[in-house]
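# Observations on the model geometry
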Amino acid sequence: MIPLPEPLGGERRRFTWRSYQVAYTIRGSGPPMLLVHSIHAAAWSMEWRNVVTALANRHTIFAIDLLGFGASDRPPLHYTADLYIDLVRDFLRDVIGAPAVVVGSSLGGTYAVRVAAQHPELVRALSIVGPAGVSRLFSSEGAVGAVGTVVQGLFRLPVVGEGLFSAITSRGSIRFFLKDIYLDAGAMTPEAVELYWRGAHAEGARFAPSAFVGMRLNCDIRQDLRQLTVPLQIVWGEQASQTPFRESSQVRAIRPDAPFAAVPGGDLPHDESPGLFLTALFGFLDTLD
């Protein structure tokens, strides 16, 4: 296995959590900000590489690789949403140690909402990018859950699972996936494809994504959004496909008071349209001051 590079331009550190090593990158100075990446077969913190320099000019950035992804350990656990919610909570409390701005992408934003609702003392403000858990990915019950259990079991098998995962994380498969989540084909640079491919080819890489396809990482945050007391911003890619833009109306209906920013791009507008994303985020953060 080839060691992962450090595309965020900071210092990679590790902290021990439940006997496992969780990697994070720290960069910049100022009030703390935690970046929580999205979840898919090749996900890791590299998705923040196009905005981290500007953010680090104003904040001390902590960009975490969730357990099972990136440079963190990838043990053969049965991953769940609760595990990641606990991880984000403990990272804020034990590593950052002060109320932080949290920016979360997709399910990363979903978990951040739950943490902020339950532990507002840890979160200064929250910006969520295309969050799941409202219009979709909120239940693991019923027929979908039963099918998910079977699919997850296949991915965890020693030989069959390795073959399936290798097929969906080949460079060709990653390019096909990126065509779905990016609006502009120009965002699918050879560097991006290589970074995603590298992120999906560490020992044990299939176990956390298998929980995702098995619907075990779903989390219903509808009530959490209603109870949330920290300042909230909602950001959405105008051409998002995984959590389509039209579904943003359901999140906004729950929190009509939250500033909303529609950014050109697909599911990762912070990667695809970094300048416009930063304008929206900084505009929100300036209201806090």
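See the structure above.
The structure contained in this document is the topic of the report that follows. (Residues numbered from 1 in each chain as written. Predicted model: local features only at pLDDT ≥ 70, side-chain atom pairs only at ≥ 80, totals over all residues. Heavy atoms only, no water.)

## Here's the deal with the overall build of the protein chain
As a reminder of what qualifies: Helix numbering and strand numbering both begin at the N terminus, where a helix is a DSSP run of H or I of at least 4 residues and a strand a DSSP run of E of at least 2. Classification of residues uses two cut-offs on accessible area relative to the type maximum, computed with a 1.4 Å probe and protein chains only: under 20% is buried, over 50% is exposed, and between them is partly exposed. By the convention used here, residues are in contact when the closest approach between their heavy atoms is within 4.5 Å. For accessible areas, the Shrake-Rupley method is used with a probe of radius 1.4 Å. Any residue's cover is judged against the shown protein chains and nothing else.
From N to C terminus, the protein chain includes 12 helices and eight strands. Of all 289 residues assigned to the protein chain, the portion counted as buried reaches 55%. Restricting the contact set of the protein chain to residue pairs at least 6 apart, pairs at least 24 apart contribute 77%. Accessible surface for the protein chain amounts to roughly 11400 Å². Of this, 55% is attributable to carbon and sulfur atoms.

## Points about the pairing of strand S2 (residues 20-28)
How we decide: Strands are labelled as partners when DSSP assigns at least two bridges between them.
Here strand S1 (residues 11-17) runs beside S2; their pairing, made up of seven bridges, is antiparallel. Of the residues in S2, the one forming a bridge with Thr 16 is Gln 21. Hairpin remark: S1 followed by S2, antiparallel, with two residues in the connecting loop; positive phi at Arg 18, about 50°. Pairing geometry for S2 and strand S4 (residues 60-64), over five bridges, is antiparallel. Looking at the pairing, Thr 25 lines up with Ala 63 of S4.

## A few points about the environment of Leu 4
Along the chain, Leu 4 falls in the segment before S1. In contact with Leu 4, not counting residues within four places along its chain, are Arg 12, Trp 44, Gly 70, Ala 71, Arg 74, Arg 198 and Gly 199.

## Side note on the side chain of Thr 169
Mapped onto the elements, Thr 169 comes out in the loop between helix H5 (160-168) and helix H6 (171-181). In contact with Thr 169, other than residues within four places in its own chain, are Ala 41, Ile 174, Trp 197, Ala 200 and His 201.

## As for helix H12 (residues 274-288)
As a reminder, the rule being used: Given the number of residues in a helix, its expected span is that number minus one, multiplied by 1.5 Å.
For H12, built from 15 residues, the straight-helix expectation of 21 Å at 1.5 Å per residue is met to within 8% by its first-to-last C-alpha distance of 21 Å. Buried within H12 are the following residues: Phe 277, Leu 278, Ala 280, Leu 281, Phe 282, Phe 284 and Leu 285.

## A closer look at helix H7 (residues 190-199)
For H7, the buried fraction is high: seven of the 10 residues fall into the buried class. Burial in H7 covers these residues: Ala 192, Val 193, Leu 195, Tyr 196, Trp 197, Arg 198 and Gly 199.

## Quick word on the sheet that holds S1
Put simply, the test is: Note on geometry: axes are C-alpha line fits, over the in-contact stretch for helices, and angles between N-to-C directions span 0 to 180 degrees.
Read from one edge of the open sheet, eight strands run S1-S2-S4-S3-S5-S6-S7-S8, paired in mixed fashion. Two strands bound the open sheet, and with one partner strand each, they are S1 and strand S8 (260-263). Within the sheet, the average angular offset between the axes of one strand and its neighbour, ignoring direction, is 20°. In the sheet, strand S7 (residues 232-237) pairs with S8 via four bridges, with the strands oriented parallel. For Gly 237, the partnering residue across the bridge sits in S8 and is Val 263. Its contacts with the sheet put H12 on strand S3 (32-36), strand S5 (100-105), strand S6 (123-129), S7 and S8, and the angle it makes with S6 is roughly 155°.

## Examining the environment of Arg 226
To be explicit about the condition: Polar contacts here mean pairs of N or O atoms no more than 3.5 Å apart (in protein, one a potential hydrogen donor and the other a potential acceptor; neighbouring residues in sequence count only if both atoms are side-chain atoms).
Within the secondary structure, Arg 226 sits in helix H9 (residues 222-227). Placed 29 residues apart in sequence, Arg 226 and Arg 255 show a C-alpha to C-alpha distance of 6.9 Å. Here Arg 222 takes part through its backbone oxygen, which lies 3.4 Å from a polar atom of the side chain of Arg 226.

## Considering the packing of H6 against H7
Formally: Rotating anticlockwise by less than a right angle from the far helix to the near helix defines a left-handed crossing, while the corresponding clockwise rotation defines a right-handed one. Nonpolar residues are Ala, Val, Leu, Ile, Met, Phe, Trp, Tyr, Cys and Pro. Charged residues are Asp, Glu, Lys and Arg, and all others, Gly as well, are polar.
Where H6 contacts H7, the two axes come as close as 10 Å, and the packing angle between them is 115°. Classified by chirality, the crossing of H7 by H6 is right-handed. On the side of H6, the interface is formed by Arg 171, Ile 174, Arg 175 and Leu 178, while H7 contributes Val 193, Glu 194, Tyr 196 and Trp 197. Of the residues assigned to the contact of H6 with H7, the class counts are five nonpolar, no polar and three charged.

## Quick word on the pattern of salt bridges
The line we're drawing: Throughout this description, the term salt bridge denotes a Lys or Arg side-chain nitrogen within 4 Å of a carboxyl oxygen of Asp or Glu.
All told, the structure shown has 13 salt bridges when counted by the stated rule. Ionic pairing is found between Arg 58 and Asp 286, a salt bridge with its closest N-O pair at 2.8 Å. Here Arg 58, found in the loop between helix H1 (52-56) and S4, pairs with Asp 286, found in helix H12; they are 228 residues apart in sequence, far enough to count as distant. When its relative accessible area of 30% is taken as the criterion, Arg 58 is described as partly exposed. With a shortest N-O distance of 3.2 Å, Glu 194 and Arg 171 are connected by a salt bridge.

## Points about the pairing of S6
Within S6, six of the seven residues are buried, leaving the element largely enclosed by the surrounding structure. Sheet topology note: the S5/S6 ladder contains six bridges and is parallel. Residue pairing for S6: Ala 100 is matched across the bridge by Val 123. Relative to S7, S6 runs parallel, the two being bridged by four bridges. Residue pairing across strands places Val 129 opposite Val 235, the latter belonging to S7.

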